2 protein chains.
Amino acid sequence: MEAPELPDIVGALRAVLPAECVLERAEERRPYECDGLTAFRSVPAVVVLPRTEDEVRRTLLTCHRLKVPLVARGSGTGLSGGATPHPAGVLLSCARMSRVLEVDPINRIARVEPGVPNLKISEAAAPHQLYYAPDPSSQVACSIGGNVAENSGGVHCLKYGLTVHNVLGVRGYTVAGERIELGGQAPDSAGLDLLALTIGSEGLLLIVTEVLVRLIPRPPCAQLVMASFADVQSAGSAVAAIIAAGTIPAALEMMDRKATAAVEPFVHAGYDLQAAAILLVESDGTPEEVREQVQEIERVLRAAGATALRVSESEAERLRLWSGRKNAFPAAGRLSPDYYCMDGTIPRKHVGHVLEAIERMEREYGLRCMNVFHAGDGNLHPVILFDANEPGSWERADRFGAEILELCVQLGGTITGEHGVGLEKLNSMCVQFSPAERAAFFAVKEAFDPDGLLNPGKLIPTLARCAEYGRMHVHGGAMPHPDLPRF
Amino acid sequence: MEAPELPDIVGALRAVLPAECVLERAEERRPYECDGLTAFRSVPAVVVLPRTEDEVRRTLLTCHRLKVPLVARGSGTGLSGGATPHPAGVLLSCARMSRVLEVDPINRIARVEPGVPNLKISEAAAPHQLYYAPDPSSQVACSIGGNVAENSGGVHCLKYGLTVHNVLGVRGYTVAGERIELGGQAPDSAGLDLLALTIGSEGLLLIVTEVLVRLIPRPPCAQLVMASFADVQSAGSAVAAIIAAGTIPAALEMMDRKATAAVEPFVHAGYDLQAAAILLVESDGTPEEVREQVQEIERVLRAAGATALRVSESEAERLRLWSGRKNAFPAAGRLSPDYYCMDGTIPRKHVGHVLEAIERMEREYGLRCMNVFHAGDGNLHPVILFDANEPGSWERADRFGAEILELCVQLGGTITGEHGVGLEKLNSMCVQFSPAERAAFFAVKEAFDPDGLLNPGKLIPTLARCAEYGRMHVHGGAMPHPDLPRF
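Visitor: Can you walk me through the overall build of chain A in this structure?
Guide: Scanning chain A from terminus to terminus reveals 17 helices and 19 strands. What you see for chain A is a C-alpha radius of gyration of 23 Å, in line with the 23 Å of a compact globule of 487 residues. With the C-alpha coordinates aligned to their principal axes, the bounding extent of chain A is approximately 65 × 60 × 45 Å. Among the 487 residues that make up chain A, the fraction classed as buried is 61%. Restricting the contact set of chain A to residue pairs at least 6 apart, pairs at least 24 apart contribute 72%. Surface exposure of chain A reaches about 17,500 Å², of which carbon and sulfur atoms provide 52%.

Visitor: Teacher, can you tell me more about helix H10 (residues 287–303) of chain A here?
Guide: Given 3.6 residues to a turn, an α-helix orients residues that are three or four positions apart in the same direction. All names here are of chain A. Relative to the 24 Å expected for 17 residues at 1.5 Å per residue, H10 spans 24 Å between its end C-alpha atoms, a close match to the ideal helical length. Turning to H10, its buried residues are Val290, Gln293, Val294, Ile297, Glu298, Val300 and Leu301. Buried residues of H10, seen end-on, are gathered within an arc of 165 degrees and therefore sit on one face of the element. Residues of H10 that are exposed and point more than 90 degrees away from the buried face comprise Gln295, Arg302 and Ala303. Each element contacted by the buried residues of H10 is listed here: strand S12 (221–229), helix H8 (232–244), strand S14 (277–285) and strand S15 (308–311).

Visitor: Hey, could you run me through the domain arrangement of chain A in this one?
Guide: Size of an interface: often given as the accessible area lost when the parts come together. All names here are of chain A. Each assigned domain of chain A is listed with its residue range as follows: domain 1 (6–93), domain 2 (100–217), domain 3 (221–329) and domain 4 (336–473). For domain 2 versus domain 3, the separation of C-alpha centres amounts to 29 Å. At the interface, seven residues of domain 2 touch twelve residues of domain 3. Carbon and sulfur atoms make up 54% of the area that domain 2 and domain 3 hide from each other, which totals about 840 Å². Of all residues in domain 2, the largest losses of buried area upon contact with domain 3 belong to Val155, Leu158 and Lys159, amounting jointly to 62% of the total for that side. Between Lys159 and Asp284 there is a salt bridge, with its nearest N and O atoms 2.5 Å apart.

Visitor: Can you help me understand helix H12 (residues 328–335) of chain B in this one?
Guide: All names here are of chain B. Looking only at H12, the buried set comprises Ala328, Phe329, Ala331 and Ala332. One side of H12 carries all its buried residues, which in axial view fall inside an arc of 155 degrees. Check the buried side of H12 and you find it contacts strand S13 (251–256), helix H9 (257–267), helix H11 (315–326), strand S16 (338–341), strand S18 (369–374) and strand S19 (379–386).

Visitor: What am I meant to see in the packing of aromatic side chains here?
Guide: What describes a pair of aromatic rings is the distance from one ring centre to the other and the angle between the planes of the rings. Taken as a whole and assessed by the stated rule, the structure comprises twelve aromatic pairs over all chains. A centroid spacing of 6.4 Å and a plane angle of 80 degrees characterise the contact between Tyr131 of chain A and Tyr160 of chain A, whose relative ring orientation is edge-to-face. Here the residue Tyr131 of chain A occupies a position in strand S7 (residues 130–131), and Tyr160 of chain A occupies one in helix H6 (residues 157–160), the gap between them amounting to 29 residues. Each member of the pair, Tyr131 of chain A together with Tyr160 of chain A, is buried. Where Tyr365 of chain B meets Phe400 of chain B, the ring centres are 5.3 Å apart and the plane angle is 10 degrees; that geometry is what we call stacked.

Visitor: Would you mind showing me how to read the state of the cysteines here?
Guide: Working definition: the covalent bond between the sulfur atoms of two cysteines is a disulfide. In this structure the tally under the stated criterion is two disulfides over all chains. Bridging Cys430 of chain B to Cys466 of chain B, the disulfide has an S-S length of 2.1 Å. Around the S-S axis, the bridge from Cys430 of chain B to Cys466 of chain B shows a dihedral of about -85 degrees and counts as left-handed. Placement of Cys430 of chain B in helix H15 (residues 426–432) and of Cys466 of chain B in helix H17 (residues 463–472) is noted, with a sequence separation of 36 residues between them. Given the relative accessible area of 0%, Cys430 of chain B is considered buried. Of all cysteine sulfurs, the one in Cys142 of chain A lies closest to Cys157 of chain A, which takes part in no disulfide; the gap is 11 Å. Looking at Cys21 of chain B, it has no disulfide partner, and the nearest cysteine sulfur is the one in Cys94 of chain B, 12 Å off.

Visitor: Looking at this model, I keep getting lost on the side chain of Thr416 of chain A. Mind explaining?
Guide: Within the secondary structure, Thr416 of chain A is located in the loop between helix H14 (393–410) and helix H15 (426–432). Engagement of the side chain of Thr416 of chain A in a polar contact is seen with the backbone nitrogen of Ala190 of chain B, the distance being 3.5 Å. In this structure Thr416 of chain A touches Asp343, Gly344, Thr345, Val421 and Lys425 of chain A together with Asp188, Ser189 and Ala190 of chain B, once residues within four positions along its chain are discounted.

Visitor: Can you help me understand the relation of the copies chain A and chain B in this one?
Guide: Two copies of one chain are present, and they are related through a rotation about an axis combined with an axial shift. Screw-axis analysis of chain A against chain B gives a translation of 0.0 Å along the axis, an RMSD of 0.0 Å, and a rotation angle of 180 degrees. Both copies are brought into coincidence by an operation consistent with a two-fold rotation axis. Comparing contact sets, 98% of the residues at the interface of chain A also lie at the interface in chain B, consistent with an isologous, same-surface contact.

Visitor: Where do I start with the pairing of S12 of chain A in this structure?
Guide: On any regular strand, side chains alternate: one points to one face of the sheet, the next to the other face. All names here are of chain A. Two elements, S12 and S14, share nine bridges in a ladder whose sense is antiparallel. Within S14, the residue paired with Cys221 across the bridge is Gly285. Inspection of the sheet shows S12 paired to S15 by four bridges, in the antiparallel sense. Each residue of the ladder has a partner; that of Ala227, found in S15, is Leu309.

Visitor: What's the story with the interface of chain A and chain B in this structure? I'm lost.
Guide: Contacts between chain A and chain B engage 66 residues on the former and 65 residues on the latter. For the pairing of chain A and chain B, the buried interface totals around 5,500 Å² over both sides, and the portion due to carbon and sulfur atoms is 62%. At the surface where chain A touches chain B, the tally comes to zero salt bridges. Counting across the interface, chain A meets chain B through eight residue pairs in polar contact (both at pLDDT 80 or more). Taken together, the elements giving at least two residues each to the side of chain A that touches chain B come down to strand S8 (167–173), strand S9 (179–183), helix H7 (194–198), strand S10 (207–214), H8, H10 and helix H16 (435–448) of chain A. Here the side of chain A that touches chain B takes eight residues from H16 of chain A, the largest share from any one element. Class assignment of the residues belonging to the side of chain A that touches chain B gives a composition of 34 nonpolar, 16 polar and 16 charged.

Visitor: Could you clarify how one ought to interpret the packing of helix H9 (residues 257–267) of chain A against helix H12 (residues 328–335) of chain A in this entry?
Guide: Between two packed helices, both the angle of their axes relative to each other and the distance between the axes serve to describe the pair. All names here are of chain A. Two elements in contact, H9 and H12, have axes separated by 9 Å at closest approach and are oriented at 95 degrees. The orientation of H9 relative to H12 falls into the category roughly perpendicular. Contacts between H9 and H12 involve Ala262, Val263 and Phe266 from the former and Ala328, Pro330, Ala331, Arg334 and Leu335 from the latter. Classifying every residue of the contact of H9 with H12 by side-chain character gives seven nonpolar, no polar and one charged.

Visitor: Looking at this model, I keep getting lost on the confidence of the model for chain A. Mind explaining?
Guide: Close inspection of predicted coordinates is inappropriate for parts of the model with low pLDDT. All names here are of chain A. Averaged over all residues, the pLDDT of chain A equals 92, while 95% of them reach at least 70. For residues 474–485, every residue scores under 50 in pLDDT, and the model assigns this stretch 26 contacts once sequence neighbours within four places are set aside. Our summary of model confidence lists the complex with pTM equal to 0.92 and ipTM equal to 0.89.

Visitor: What should I look at first to understand the nonpolar core in this one?
Guide: Considering soluble globular proteins, one finds that nonpolar side chains tend to be buried as a cluster. Core analysis: the largest hydrophobic core is formed by 187 residues, its most contacted members being Leu301 of chain A together with Leu301 of chain B. For Leu301 of chain B, the contacting residues outside a window of four places in its chain are Val225, Ala227, Phe229, Ala238, Ile242, Leu279, Val281, Ala306 and Leu309 of chain B.

Visitor: What should I look at first to understand a negative patch on the surface in this one?
Guide: A contiguous patch of negative charge, built from Glu288, Glu289 and Glu292 of chain A together with Glu288, Glu289 and Glu292 of chain B, is present on the exposed surface. Those elements that provide at least two residues to the negative patch are H10 of chain A together with helix H10 (287–303) of chain B. Looking at the element boundaries, Glu292 of chain A is found in helix H10.

Visitor: Help me out: how do you make sense of the pattern of salt bridges in this one?
Guide: Close approach of charged atoms lets side chains of opposite charge pair. Inspection of every chain in the model, using the stated rule, returns 62 salt bridges over all chains. When the shortest N-O distance is used, the salt bridge between Glu27 of chain B and Arg25 of chain B registers 2.8 Å. The exposure class of Arg25 of chain B is partly exposed, given its relative accessible area of 48%. Between Lys120 of chain B and Glu123 of chain B there is a salt bridge; the shortest N-O distance is 3.8 Å. Here the residue Lys120 of chain B and the residue Glu123 of chain B both occupy positions in helix H4 (residues 118–125), the gap between them amounting to three residues, near one helical turn. Under the relative-accessibility criterion, Lys120 of chain B is labelled partly exposed at 44%. Each of Glu53, Glu102, Arg111, Arg171, Arg179, Glu181 and Glu210 of chain A takes part in one network of salt bridges that share partners.

Conventions used here
Residues numbered from 1 in each chain as written. Chains lettered and ligands numbered in written order. Predicted model: local features only at pLDDT ≥ 70, side-chain atom pairs only at ≥ 80, totals over all residues. Heavy atoms only, no water. Helix = DSSP H or I, 4+ residues; strand = E, 2+ residues; numbered from the N terminus. Rg over C-alpha atoms; globule rule 2.2 N^0.38 Å. Buried < 20%, exposed > 50% of the residue type's maximum accessible area, 1.4 Å probe, protein only. Contact = heavy atoms within 4.5 Å. Areas by Shrake-Rupley, 256 points an atom, 1.4 Å probe, with all protein chains shown as cover. Expected span 1.5 Å × (residues − 1). Arc of directions from axis to C-beta. Domains from an automatic or database assignment. Buried area = accessible area lost by both parts, 1.4 Å probe. Salt bridge = Lys/Arg side-chain N within 4 Å of Asp/Glu carboxyl O. Phe/Tyr/Trp six-rings, centres within 6.5 Å; stacked < 30°, edge-to-face > 60°. Disulfide = S-S within 2.5 Å. Polar contact = N/O pair within 3.5 Å; in protein donor to acceptor, adjacent residues only side chain to side chain. Least-squares fit on C-alpha atoms with pLDDT ≥ 70 in both. Pairing = 2+ DSSP bridges. Nonpolar A, V, L, I, M, F, W, Y, C, P; charged D, E, K, R; others polar. Axes fitted to C-alpha atoms, helices over the stretch in contact; angles between N-to-C directions. Parallel < 35°, antiparallel > 145°, perpendicular 65-115°, else oblique. pLDDT = per-residue confidence, 0-100. Core = buried A, V, L, I, M, F, W, Y, C linked by side-chain atoms within 4.5 Å. Patch = residues over 30% accessible without salt bridge, like charges linked within 9 Å, V, L, I, M, F, W, Y side chains within 5 Å. Lys, Arg positive; Asp, Glu negative; His and termini not counted. Charge placed at Lys NZ, Arg CZ, Asp CG, Glu CD.

Below, the structure is given as structure tokens:
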């Protein structure tokens, strides 16, 4: 696509927006060059910071008229490059659209602007003993608009669901500046489910300007069980045993020894560094429910071969045990100049197998990898340590990550858990989906955005890209997927 | 669209399908002329009864080549005309694709063909103390494929969700005969959420040939509370009070006196016929959970002004109390030659207001209406009684129903709860959605089916139809919606 000269779009935006909404100086645009996936950087042609829906609409109309690409950005904490700017395009930041518009404790909903940080919603609902459940690690900073774009998760999504299960409606604008309202308070929604389609669509279909979320009652009580295992296989089996016993804990996390060893000197969480892997299993609810569930969890963990169990005896202890898990990624930053946090999902029963395969890959690529899992969901977050200043180091990390994702697909899983596809996993999309499936993605994208202006080049790989990836691929030109049914 | 002459399509199908798959004699085609919405009838040009995915694929390729419409049908129990045949098209019945392919108790999933009756899945899972949660009233007969097409609900969807919350994946074929697999066992799915888009799409996008469903543990205990109220307003307030108290019952149903009076002589459920309305509130879980929740429910109901409470003391009593609710529609058939079961959703707080408005409409249209609600979800099922042999009676029932649905939209609700749009609610879609929203539906439909062959004329009203409905509409040509935000 041929982008117009820079002055055209800046001048056209200045003509319809207040002066302080449009940033064009290089030093103003530079801070937007990347999101949390810092390996991909690109300074946008211009940054727009709207305060109102109407300013979003005017920005879209201008981009649409001039055929200029537009990339929306929440807080820039995304890990897959979903908000990496287009060098000839507009970067639309939702940072100033950050009002909580309504908290309705009777209907248990909140209406918020897209730039509101995830945790602020729970803070606004706290006087009513309500909160918003999905809790990405970045929840202090990450915006609800970004959560909608990426269908974000968090440690408590095992019990409470991903963003798609907690957002009731969105209002947004098409690339042509038409307002669209999707969903609402009713459980069913007439017509095609464009709400679910929009959630996780990474800004390729609509620009969301308002989000209606479900609030839930804050559980009166929570308790955390830490279990130690002598090998990763038995830790993996214990995860499957808990789920098979009919228990859905509030959270069910796993860290291998490489992860606990990285985090413990930094956070002093009290982790068992002798264990090959630990599980963190949380129960929440009424005191009676928690007591009953914790007993059941302890019973199952012992039967599954736990070498030690520790149950939090106070809220302070519970939070300290969590602090290690929540600081696993920053801890990686202390061990290594750079780290690459992966995100894939596998059937729970394969956890041990995948950890062994990752150990083999560590030797093969000459890079260390520590492992943190949302184990209850089968959602892996291997953290590959590398040094971007060392030539070839990022390329090896990138290939290491791609091989982990392909293993996820081979085992019947997927290339994402909660971080989205963005720029990062375009090649892996070629592995996960057949040509017919990718064609369906393209057709839907084209239905909303025929000129391909909204976040171009993300989420859906082109045919050419998949062909190219196929040619250079270890499998000798053929994608492994198409004839393997996924279920 | 110009359909080819009848012999072309029959001959072409006979060339690629076994003889017993193709029904062309008038007496063989006649039984397929309508689904549960019997006011709409149309005999298909030919009926195809495939046994395999490959036969579905061949049927699609043939229709695609000859540009012949195709309507898929499960068990024909749908209530919105979603399976009404096209007179020049193929009716594809999934009745012979009715195998349970796999029950996996460890991963708690079942893989089934689309023609499997809903209840058969739970029967197949019963040896593992598991079941499939969504429970439409027609669950003995209705197929999982039809449930997927309509995003069906049931009395227990308040706690366990609609079909979209319980289906993990589907396999299907595009109109061009390409296989597509959507979803899977992982909680997130990379790329656009085409699985949620497909569920409730009424056969307009894909033909589903396999469904992967979530199974959940059968609760060990369940108890039902029946509460009587002297007026419908306080029954409505009691519903809101239960939800506001933080309790999610397994089911929360409401019947007005017209409904209980219709059903009691027929079923002898033991309903309080003095009450203006009754609530049926179910709790399920472990015995401790149920005891605790039932106490809380009784407390809230008393505080909300219940004039009498009865708690089921045995499983037989619980099932007897349910039998009245479950036979409400057949009971309507004893009171009146015909009945028209509506399906709309409103915010719970408006239940009393809607019941009063329906009483006014009964007088206006000269027709009786009894009311059965999935009250916890705000999902209304007014049952309008009429006599199709009386001239003008169906037309009045039709207008009565449309007015109820428009009231739902005006109150911030929607025109569907769990029965879909089909042919029935096309006009109401003009009221619910703005032109930009309908254009988005059309664009997505076109992305999957550019020639408009799959279930044409359903779900999405044409621009011309909405314009026509606008002209004849009481609001004097303008749809009430577009400038009223829905949330």
